Amino acid sequence: MVKSKKGIMLSEAFPAVLTLVLVAVLVIISIYLFTTLGSTFTADSAADNATDTMITQFGTFPALVGLVGTIIFLALVIGVLVASFAFGRGKGI
Amino acid sequence: MKTKKGIMLSQAFPAVLAVVLVAILVIIAIYMMTTLSTSFPLQSSGTINESASITSTPYTLSNTTRCGYTNPTISAVYNQTSGAVVAAGNYTFNPATSTITNATALQWPTVYILYNYQWRGEGCTATTNTITQFATYPALIGLIGVIIFLALVIGVLVSSFMRGRRGV
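Attention here is on the structure that accompanies the text. (Residues numbered from 1 in each chain as written. Chains lettered and ligands numbered in written order. Predicted model: local features only at pLDDT ≥ 70, side-chain atom pairs only at ≥ 80, totals over all residues. Heavy atoms only, no water.)

**Let's talk about the packing of aromatic side chains**
Two descriptors summarise a pair of aromatic rings, namely the distance from one centre to the other and the angle between the planes of the rings. Inspection of every chain in the model, using the stated rule, returns seven aromatic pairs over all chains. With 5.9 Å between their ring centres and 35 degrees between their planes, B:Tyr115 and B:Tyr117 make a pair best called tilted. B:Tyr115 gets classed as buried once you look at its relative accessible area, which sits at 1%. Relative accessible area serves as the criterion here: at 3%, B:Tyr117 is assigned to the buried category. Joined through ring pairs, the aromatic side chains of A:Phe34, A:Phe58 and A:Phe61 make up one cluster. The side chain of B:Arg66 reaches across the aromatic face of B:Trp119, ending 3.9 Å from its centre. (Phe/Tyr/Trp six-rings, centres within 6.5 Å; stacked < 30°, edge-to-face > 60°. Buried < 20%, exposed > 50% of the residue type's maximum accessible area, 1.4 Å probe, protein only. Lys NZ or Arg CZ within 6 Å of the ring centre and 35° of its normal.)

**A word on the state of the cysteines**
Residue and element names in this part refer to chain B. Scanning the entire structure with this criterion turns up one disulfide over all chains. Put simply, cysteine 67 and cysteine 124 are joined by a disulfide, and their sulfur atoms are 1.7 Å apart. Sign of the S-S torsion, about -45 degrees for the bond between cysteine 67 and cysteine 124, identifies this disulfide as left-handed. Of this pair, cysteine 67 sits in the loop between strand 2 (59–60) and strand 3 (70–79) while cysteine 124 is found in helix 2 (residues 121–134), placing the two residues 57 residues apart along the sequence. Here cysteine 67 matches cysteine 124 in class, with each residue buried. (Disulfide = S-S within 2.5 Å. Helix = DSSP H or I, 4+ residues; strand = E, 2+ residues; numbered from the N terminus.)

**Observations regarding the interface of chain B and chain A**
Between chain B and chain A, the contact holds 40 residues from the first and 38 residues from the second. Both sides together, the interface formed by chain B and chain A hides about 3,100 Å², and carbon and sulfur atoms give 82% of it. Across the contact surface, chain B and chain A share zero salt bridges. Counting across the interface, chain B meets chain A through three residue pairs in polar contact (both at pLDDT 80 or more). Secondary-structure elements contributing two or more residues to the side of chain B that touches chain A are helix 1 (12–37), helix 2 and helix 3 (137–161) of chain B. When residues in the side of chain B that touches chain A are grouped by element, the largest group, eleven residues, is from helix 1 of chain B. Each residue belonging to the side of chain B that touches chain A can be placed in one class, and the counts come to 26 nonpolar, ten polar and four charged. (Contact = heavy atoms within 4.5 Å. Buried area = accessible area lost by both parts, 1.4 Å probe. Salt bridge = Lys/Arg side-chain N within 4 Å of Asp/Glu carboxyl O. Polar contact = N/O pair within 3.5 Å; in protein donor to acceptor, adjacent residues only side chain to side chain. Nonpolar A, V, L, I, M, F, W, Y, C, P; charged D, E, K, R; others polar.)

As far as function goes, none of this settles anything; it's purely spatial.
Laid out in structure tokens, this is it:
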């Protein structure tokens, strides 16, 4: 029988948010590395253009990281609500 | 089927502790990213032919919103129509606010401005964008805390006054 899970448990909150922070820092460091790498290429060369495109693309990731974080917190809200008031045997929050 | 109503008092401390740890983690992350944004080295950049006007209204350069923007210097100002240089004595430039103010009674409604500045790069921009996103989380953490405490209230009420109570 398939057990449906509803939301994130409070015990999973810290690892989930820590993972999110690590991903955010990784994206930032990547952008900085691409910027440094791009400065070593000849201006307007294929490598330089590719690096600039990569920086532009990676620049959209912080907003997506924010979206993931919002979803994590909303899932936490649902998880706490369900664990507190769900039918059936509660296994705690 | 047994219906669970609320959080038991014995679960209160771990629940609130989890929320506190997540809150501290978010605050530390924001502080760390704020420090990171100012640690990126300054890089030089320049703008050529920014369309502007030197009139009775001061003009503010367009790149002032770039992350870590600092040390702007005007290289030249050209009249767009005639191509003639607008002499530096005809305007005053305030580096602190990056505004150009007309110093004469003459007006140049369409000019090109060439200027250089320094900023901290795309890494700094990504960091400030991430900080903006993380800044929305404290409100959500507060919401989770409110739900936990309301569930605690209900849990204590139910376990205190329900039939066949087994303690709080």
